[in-house]
Amino acid sequence: VSPGNCRPLQGHQGQVVIRLPARVHLTGVTVQHISKEVSPSGTVISAPRDVAVFVSVCWALLGVDADGEEETLLGTFMYNVAKEAIQTFPLKNAPLPRAFSYIKLLVKSNWGNPAYACIYRVQVHRKMASKKASSETRG
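Remember, predicted model here, so these are calculated numbers, not experimental data. Position numbers for residues start from 1 in each chain and track the written sequence from start to end. Where totals are concerned, whole chains, interfaces and linings use all residues; where local detail is concerned, this predicted model gives features only for residues with pLDDT of at least 70, and gives and counts side-chain atom pairs only at 80 or more. Only heavy atoms go into the side-chain values, all of them from the structure, while hydrogens and water stay out.

The disulfide criterion is simple: two cysteine sulfur atoms within 2.5 Å. Counted under the stated rule, the structure contains one disulfide. Across the disulfide, Cys6 is cross-linked to Cys118 (sulfur-sulfur distance 2.4 Å). Here the residue Cys6 occupies a position in the segment before strand S1 (7–10), and Cys118 occupies one in strand S7 (residues 116–119), the gap between them amounting to 112 residues. Helix and strand labels come from DSSP, where a helix needs a run of H or I of at least four residues and a strand needs a run of E of at least two; each type is numbered from the N terminus.

Structure below.
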């Protein structure tokens, strides 16, 4: 991870939706930002602060999935810039009985940069959905 090589979100908040390679039962999320030591400005005020994690089977407009169901909140957490650059957060509402194909990271605030928030890396921790369970949920 190098400075500037991030997914910028305009303003101090924003969201990113990630399509997963398979339907999975999410158990946690790891978020990474650069450290102050490698930051050209010596600060990490663009790092996400308050974050919410949502899931859906198939994202459509307005947070409703293909089955007409709303997105599901799996948890909220605070990325702490005083700690390590790589931080893992267990999802309190996970795993759900249903597997999901999409995850949305909603950055509610950052550490003070009014112009943008940066997400450098997101890793998803999961349990794979069985093929039988996946086909049953599709109907």
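Let us look at the packing of aromatic side chains. Paired rings are identified among Phe, Tyr and Trp, the last through its six-membered ring, by centres lying within 6.5 Å, and are further divided according to the angle between planes into stacked (under 30 degrees), edge-to-face (over 60) and tilted (the rest). For the structure shown, the criterion picks out one aromatic pair. On the numbers, 3.8 Å between centres and 15 degrees between planes, the contact of Phe77 with Phe89 is stacked. With Phe77 in strand S4 (residues 72–78) and Phe89 in strand S5 (residues 86–90), the pair connects residues that are twelve residues apart, well separated along the chain. Accessibility here uses a 1.4 Å probe with only protein chains present; expressed as a share of the type maximum, an area under 20% marks a residue as buried, one over 50% as exposed, and anything in between as partly exposed. What makes Phe77 buried here is its relative accessible area of 10%. For Phe89, a relative accessible area of 12% puts it in the buried group. For the cation-ring pair, Arg49 lies above Trp111, with the distance from its terminal atom to the ring centre recorded as 4.1 Å. Remark: a charge is flagged as sitting over a ring if the NZ atom of Lys or the CZ atom of Arg is within 6 Å of the ring centre and within 35 degrees of the ring normal. Sitting over the ring of Phe54, Lys104 keeps its end group 5.0 Å from the ring centre.

What follows concerns the pattern of salt bridges. Pairing is possible between side chains of opposite charge, provided their charged atoms come close. The salt bridge definition used is simple: a Lys or Arg side-chain nitrogen within 4 Å of an Asp or Glu carboxyl oxygen. The final tally for this structure, using the stated rule, is one salt bridge. Here Glu71 ties to Lys104 by a salt bridge, and the two come within 3.1 Å at their closest N and O atoms. In this pair, Glu71 sits in the loop between strand S3 (50–56) and S4 while Lys104 sits in strand S6 (residues 100–107), placing the two residues 33 residues apart along the sequence.

Moving on: the side chain of Ser46. With respect to the element layout, Ser46 can be found in the loop between strand S2 (14–32) and S3. Residues within four places of Ser46 in sequence aside, it is in contact with His33, Asn110, Asn113, Tyr116, Ala117 and Cys118. Whether two residues are in contact is decided by their heavy atoms: any pair within 4.5 Å suffices.

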